[in-house]
Amino acid sequence: MLRTLCLALLFASTAAAAADAPAVPPPQRIAVKAAHWIDAEAGRMRGAVVVVIEGDRIKEVREDGQAPADAKLVDLGGATLLPGLIDVHTHLTSDPTEIKGDYYESVLKRSAIDSAILAHLYAKRTLDAGFTTVRNVGADDYVDVALRNAIDRGDIPGPRMLVSGPAIGATGGHADDTTGYSPWIEFHGVNGVADGVDAVRLKVRENVKNGADVIKFMASAGVLSAETSVGAPQYTQEEMNALVDEAHRWGKKVAAHAHGAEAIKMAIRAGVDSVEHCSMIDAEGLKLAKQRGTWLDFDVYNDDYILAEYAKKGFPASTVEKEKLVGRLQRENFRRAVQAGEKMAFATDAGVYPHGWNGKQFAKMVEWGMTPMQAIQAATWNAADLLGWRDRVGAIKPGLYADLVAVDGDPLQDVSVLEHVGFVMKGGAVDKDALR
Ligand code: ARG
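Residues numbered from 1 in each chain as written. Predicted model: local features only at pLDDT ≥ 70, side-chain atom pairs only at ≥ 80, totals over all residues. Heavy atoms only, no water.

Colleague: Explain the sheet that holds strand β16 (residues 423–426) to me, please; I cannot follow it from the model alone.
Modeller: Sheet strands pair by backbone hydrogen bonding; their relative direction is either parallel or antiparallel. Reading across from one edge, β3-β2-β7-β15-β16-β17 is the order of the six strands in this open sheet, with mixed pairing throughout. A single partner strand is all that each edge strand has here, and the edge strands are β3 (44–46) and β17 (429–433). Averaged over all neighbouring strand pairs, the angle between strand axes comes to 20°, with direction disregarded. For strand β7 (residues 80–83) and strand β15 (residues 404–407), the ladder comprises four bridges, and the chain directions are antiparallel. Pairing of L82 across the sheet is with V405, part of β15. Against the sheet, helix α3 (residues 112–128) engages β16 and β17, with an angle of about 80° to β17. (Pairing = 2+ DSSP bridges. Helix = DSSP H or I, 4+ residues; strand = E, 2+ residues; numbered from the N terminus. Axes fitted to C-alpha atoms, helices over the stretch in contact; angles between N-to-C directions. Contact = heavy atoms within 4.5 Å.)

Colleague: Explanation requested: the nonpolar core in the structure shown.
Modeller: Most often, soluble globular proteins keep nonpolar side chains buried together rather than apart. Formed by 61 residues in total, the largest nonpolar core has its most connected members in F217 and L296. Here this core takes six residues from helix α7 (residues 261–270), the largest share from any one element. Once residues within four sequence positions are removed from consideration, L296 is found in contact with V275, C278, I281, L286, A289, A337, E342, K343, M344 and A345. By size, the runner-up hydrophobic cluster in this structure holds 19 residues, among which are I30, V49, I53 and A402. (Core = buried A, V, L, I, M, F, W, Y, C linked by side-chain atoms within 4.5 Å. Buried < 20%, exposed > 50% of the residue type's maximum accessible area, 1.4 Å probe, protein only.)

Colleague: What is the right way to look at the site of the ligand in this model?
Modeller: Taken together, 15 residues form the shell around the ligand, and within it V223, L224, H259, D299 and E323 come nearest. Here an oxygen atom of the ligand sits 2.8 Å away from a polar atom, N or O, in the main chain of V223. Take L224: an N or O atom from its main chain is 2.8 Å from an oxygen atom of the ligand. Protein coverage of the free-state accessible area of the ligand, which is 340 Å², stands at 96%. Counting residues per element, the shell around the ligand draws most heavily on helix α10 (residues 317–339), at four residues. In terms of residue class, the shell around the ligand is built from four nonpolar, eight polar and three charged. (Near = heavy atom within 4 Å. Polar contact = N/O pair within 3.5 Å; in protein donor to acceptor, adjacent residues only side chain to side chain. Areas by Shrake-Rupley, 256 points an atom, 1.4 Å probe, with all protein chains shown as cover. Nonpolar A, V, L, I, M, F, W, Y, C, P; charged D, E, K, R; others polar.)

Listed below in structure tokens is the structure:
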């Protein structure tokens, strides 16, 4: 009896609550209007458009120029609208402006806490430059995981991030920041140094456990590290095979840093999803990448900045010399890769040059063989494919996140207009509105 009464009361109060409750407000609708838009999926520039946004997603792409009456209108006038840009190779947890003539500063005088304190600045600069999604490939101490989480929670502004945690690499190699220091100095913190198949598998698992979306490893030597070679392989084929096998079993893609021709081929044979830098890739490497569908990510802007600034920053002369070995060759090979029709994504290694300058690479990519539309697709629809995120970013398309940018001028005539993105929206929220 009592039970029946309680139930009756419960129903009565639920019904009353429903009657009293204010009507659920319709989802907020925004209509972004522009004179031109880039259909990144089709690779076409199109005319007038109204993009209707509901919540954080694109609801409709209207080419009749009509904005729905109930939507808040954002009229960008004569601007060109593009999907939010994507950079698949960044390091948001450091910036070269931190190094002011003292090369040893970052290793000897700063900790992960210093990085964590500044990283939000770089995230905001990146977003303001129109990059609404980045893949962050290499950050010690999981500062990248914390940054991604803070952005995802809405605590701080920044691009959508896929992060790798510490890049995995051999003792004394490109992932081992403490090479060249006295063996008496003890360094703390979490890095990705691991040797042997069991250890690299363990590192992959640790990174996954601690929040990595993607696995980054160093297949070869590098420029901004202390080893003498710039391109020699730093893992055996067995180590690379084990690492990729382990990452894939956990459902994570793998990005391999590799400058040297041999290391590039070893990484491709191991089954990596993308090769980063690709500086000395040879004809066989290009062929292998094509066969396997491996993405080639050339950071072709970097050379300008390193040669102009790194000696002044106090980097050793050997670093600048190493850059000279790869810089020009990398651009020539970028051209070959474009001609060969390779899968290529926009990847800049931001953090080697100052954050927010990402757009400068578009002009380099066009100078070295891409059409402006190819460069734009590399930073949108194609980058989204590499990330496995075509269901959320990379195009102006119903169902995807409302990540939009706009520029004055025609990027197909002059791709450098993408260095001055005037309007940025991420997930339906306006981050920057400086066009009008
Ligand atoms: N992080 C890379 C390395 O240290 C930067 C290479 C930059 N140079 C270039 N030409 N892309 O190896």
